[in-house]
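# Analysis of the macromolecular model
Spelled out from the first residue to the last, the chains are:
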Amino acid sequence: MLGIVLDLVIIASLIALAIQVVSGASLFRGIIHFIVMGLTLALAWARLGAPDLAMAEAAIGAGVTGALMMVAYRRLVEITPDHNPSRTGSRSRLALPIAVGAGGLVGLLGLGATLSDPEPGLAGLAVLEALQDEALGNPITGVLLLYRGLDTLLEIAVLLTAFLAAVAVTRREDLDYSITTRDPHTPLVGALLAIIVPLTVLVSVHLLKAGSHDPGGAFQAGAVLAACGVLLVLTSRVSASSQSRPLIGLGIVAGLISFSLIGLAAMLRGEPPMALPGMWAVYFIETAMMLSIALTLVLLFAGTESLRRNQHG
Amino acid sequence: MTASEGLALLLLLAGSGFYFAGTVGLLRFPDAFCRLHALTKADNLGLCLICAGLAVLSADWRIASVLFLIWLLGLLAATVSAHLIARQARQAGADNIDPPEAS
Amino acid sequence: MDNAALYVLAAAVLFGVGVYGLIVSAHLMRKLFAINIMGNAIFILMVAVAGPIDGAPDPVPQALVLTGIVIAVSATAFALALMVRLYQETGRATLADDNGPGNDD
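The model shown is predicted, which means the values in this text are computed figures rather than measured ones.

## Digging into the overall build of chain A
What chain A contains, in helices and strands, is eleven helices and two strands. Starting at the N terminus and ending at the C terminus, chain A contains elements arranged as α-α-α-α-α-α-α-α-α-β-α-α-β. For chain A, with 313 residues in total, the buried portion stands at 49%. Look at the contacts in chain A between residues 6 or more apart in sequence, and 76% of them connect residues 24 or more apart. In the form shown here, chain A has an accessible surface area of approximately 14300 Å², with 69% of it arising from carbon and sulfur atoms.

Structure follows, in structure tokens:
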């Protein structure tokens, strides 16, 4: 009973926040509401029995996306300080009926699937049975790496492509746009970083290791590490640089390269492509993917292709 | 309901009360400094009470110590971010740190 | 999972809100908010529809959604970069089609 009340509160908040996001008075508040909506969605994932998604949503969906939107907003404001866009554009009479129709379609699809098909998903059943023998106790990591390896590989490729495209459309002379605090010597910040940065690294390594049997994995760990990087950029411990560095380039492609090579090496042994040779490969790929995800997200945040370390840290 | 469950319930309710007060303060107080005042004081205590309530409920010292760590980290983050926001607000010289468009 | 139907309905409403926002918003960042809300609605739908298997949640849709969250943030990042560039070049953060009457941006 209490659970249903909790669900209703979460759902009502989600809908109210979504309405605020699309119809709120200012863009800045829209971003804030969007972040809050992501955090509320993390609660919804927890209620739906998906702790992996809850972690990813809080770190990536709310955290990283919100940070990226804030940076973009700040760039708009720097060009036009009183950037105050009108709330709505076309006052289309069709908008409401189309929205109701689209929502109704989704609802019908979902209700049809929930009410008529109580059979558990065959793929999920197969995964859970097959993973009984594997050392991977977390079935989601199992699906990501063992059964849908190609999807995960291509996902890393999409992340890399998005990063390259974003760098390509960002104007070179704008790379030095400061998104950092103007005064890096603010007291307390150094002390905070001295505690937070090692802890974040520790937490992400823990999440990575836990991902093989408990909620966690490369995506969540990468997001936590990315948050650490974003903090370093925000406090101008590292800042955007247009000078390319081999180590950073290697880090960006590490996940893609190692996953591809290990996946292709399976073909040399006469196994199907993407078949992983053992747990060491799982850990190796997850580590490389974590580094790539974290580095790519930080670079997307900084809007640059490379970073340099500032001395005053 | 056992005694420890009752205690946990009491702590959780008290924590929620402090969170509620802090949020009301955040929404209703006029300027940045008052809002920070409401947030940092009330929410830190609220977090403390909720962590304590959950620790009592779990009856496991490992979970309790993790909750204690969470509270410490929350305190740390709240302290520094409140300091940064207050500093920024004072440097801006305005009594409202909202961007100009947020009327 | 008895709350599945509730979350399916929530997904439907969120998707509708997203579609509405996508149509009526002129500013590209608002359109991005709306697209992200639509994506989140579909994620909720996918996880809510998949029933539990022997008490444990179905891992396949969860893995797909995990992938989807990262894809969504990649696409959003690229779209934001495009929007900033468009604003730098033209001084507008709206599409040409949306500059009809009723829009003073």
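## Brief notes about the domain arrangement of chain A
Residue and element names in this part refer to chain A. Partitioning chain A into domains gives domain 1 (1-83) and domain 2 (137-313). On a C-alpha basis, the centroid separation for the pair domain 1 and domain 2 is 23 Å. Taken together, the contact pairs 14 residues of domain 1 with 18 residues of domain 2. Summed over both sides, the interface between domain 1 and domain 2 buries roughly 1400 Å², with carbon and sulfur atoms accounting for 66% of that surface. Broken down residue by residue, the surface that domain 1 buries against domain 2 is led by D52, R74 and R75, which jointly contribute 38%.

## Topic: the packing of helix 1 (residues 3-28) of chain B against helix 2 (residues 32-58) of chain B
All names here are of chain B. Contact geometry for helix 1 and helix 2: axes closest at 7 Å, N-to-C directions at 165 degrees. The orientation of helix 1 with respect to helix 2, classified from their angle, is roughly antiparallel. Crossing of helix 1 against helix 2: the hand is left-handed. Looking at the contact of helix 1 with helix 2 residue by residue, the class counts come to 19 nonpolar, seven polar and three charged.

## What about the nonpolar core?
Ranked by internal contacts, the top residues of the largest apolar core, which has 115 residues, are W45(A), L14(C), M29(C), I44(C) and M83(C). Counting only domains with at least three residues in this core, you end up with domain 1 (1-83) and domain 2 (137-313) of chain A. For L14(C), the residues in contact, after removing those within four places along its chain, are L14(A), I15(A), A18(A), M37(A), I37(C), A41(C) and I44(C). Formed by five residues, the second largest nonpolar core is a distinct cluster that contains V189(A), L193(A), I196(A) and V80(B).

## Let's talk about the pattern of salt bridges
All names here are of chain A. Under the defined criterion, the tally for this structure stands at two salt bridges over all chains. The partner of D7 in a salt bridge is R47, and the shortest N-O contact between them spans 2.8 Å. Of this pair, D7 sits in helix 1 (residues 2-23) while R47 sits in helix 2 (residues 27-47), and the two are 40 residues apart along the sequence. Assessed through its relative accessible area of 0%, D7 is described here as buried.

## Considerations on the environment of A48(C)
With respect to the helices and strands, the residue A48(C) is situated in helix 2 (residues 28-49). Along the primary structure A48(C) and V65(C) are separated by 17 residues, whereas in three dimensions their C-alpha atoms are 11 Å apart. In this view, A48(C) contacts L48(A), T114(A), A4(C), Y7(C) and V8(C); residues no more than four positions away in its chain are not counted.

## Things to note about the interface of chain A and chain C
Every contact between the two is made by 91 residues of chain A and, on the other side, 74 residues of chain C. For the pairing of chain A and chain C, the buried interface totals around 7200 Å² over both sides, and the portion due to carbon and sulfur atoms is 77%. For the interface between chain A and chain C, the tally reads zero salt bridges. Counting residues per element, the side of chain A that touches chain C draws most heavily on helix 3 (residues 51-79) of chain A, which supplies 15 residues. Each residue belonging to the side of chain A that touches chain C can be placed in one class, and the counts come to 58 nonpolar, 21 polar and twelve charged.

## Points about the side chain of D52(A)
Among the structural elements, D52(A) can be located in helix 3. One buried charge, D52(A), has no salt-bridge partner; the nearest side chain with opposite charge is K209(A), at 14 Å. Not counting residues within four places of it along the chain, the set of residues in contact with D52(A) comprises N138(A), I140(A), P215(A), G216(A), Q220(A) and L66(C).

## Comments concerning the packing of aromatic side chains
Under the definition given, this model contains three aromatic pairs over all chains. An angle of 45 degrees between the planes, with centres 5.9 Å apart, marks the rings of F28(A) and Y73(A) as tilted. Here F28(A) is found in helix 2, whereas its partner Y73(A) is found in helix 3, with 45 residues between them in sequence. For the ring pair F34(A) and F33(C), a centre distance of 5.7 Å and an interplane angle of 20 degrees mean the geometry is stacked. Pair noted here: F34(A) is in helix 2 and F33(C) is in helix 2, and the two residues belong to different chains. Take F34(A) and F33(C): they sit in the same class, and that class is buried.

## A look at the environment of D31(B)
Residue and element names in this part refer to chain B. Relative to the assigned elements, D31 resides in the loop between helix 1 and helix 2. Along the chain, D31 and R90 lie 59 residues apart, while their C-alpha atoms are 11 Å from each other. Of note is the side chain of D31, whose polar atom sits 3.1 Å from the backbone nitrogen of C34.

## So, a nonpolar patch on the surface
A grouping of M1(A), V5(A) and V9(A) is seen on the molecular surface, where their side chains present a nonpolar patch of about 330 Å² in accessible area. Within the secondary structure layout, V5(A) lies in helix 1.

## What about the confidence of the model for chain A?
In this model, chain A carries a mean pLDDT of 81, and residues with pLDDT of at least 70 account for 87%. The least confident element of chain A is helix 5 (residues 122-130) of chain A, whose mean pLDDT is 70; the most confident is helix 2 of chain A, at 91.

## Thoughts on the side chain of E155(A)
Position of E155(A) among the secondary structure elements: in helix 7 (residues 149-169). Here E155(A) is in contact with F219(A), L66(C), T67(C), V70(C) and I71(C), once residues within four sequence places are set aside.

The rules behind these values
Residues numbered from 1 in each chain as written. Chains lettered and ligands numbered in written order. Predicted model: local features only at pLDDT ≥ 70, side-chain atom pairs only at ≥ 80, totals over all residues. Heavy atoms only, no water. Helix = DSSP H or I, 4+ residues; strand = E, 2+ residues; numbered from the N terminus. Buried < 20%, exposed > 50% of the residue type's maximum accessible area, 1.4 Å probe, protein only. Contact = heavy atoms within 4.5 Å. Areas by Shrake-Rupley, 256 points an atom, 1.4 Å probe, with all protein chains shown as cover. Domains from an automatic or database assignment. Buried area = accessible area lost by both parts, 1.4 Å probe. Axes fitted to C-alpha atoms, helices over the stretch in contact; angles between N-to-C directions. Parallel < 35°, antiparallel > 145°, perpendicular 65-115°, else oblique. Left-handed = near helix turned anticlockwise from the far one by under 90°. Nonpolar A, V, L, I, M, F, W, Y, C, P; charged D, E, K, R; others polar. Core = buried A, V, L, I, M, F, W, Y, C linked by side-chain atoms within 4.5 Å. Salt bridge = Lys/Arg side-chain N within 4 Å of Asp/Glu carboxyl O. Lys, Arg positive; Asp, Glu negative; His and termini not counted. Phe/Tyr/Trp six-rings, centres within 6.5 Å; stacked < 30°, edge-to-face > 60°. Polar contact = N/O pair within 3.5 Å; in protein donor to acceptor, adjacent residues only side chain to side chain. Patch = residues over 30% accessible without salt bridge, like charges linked within 9 Å, V, L, I, M, F, W, Y side chains within 5 Å. pLDDT = per-residue confidence, 0-100.

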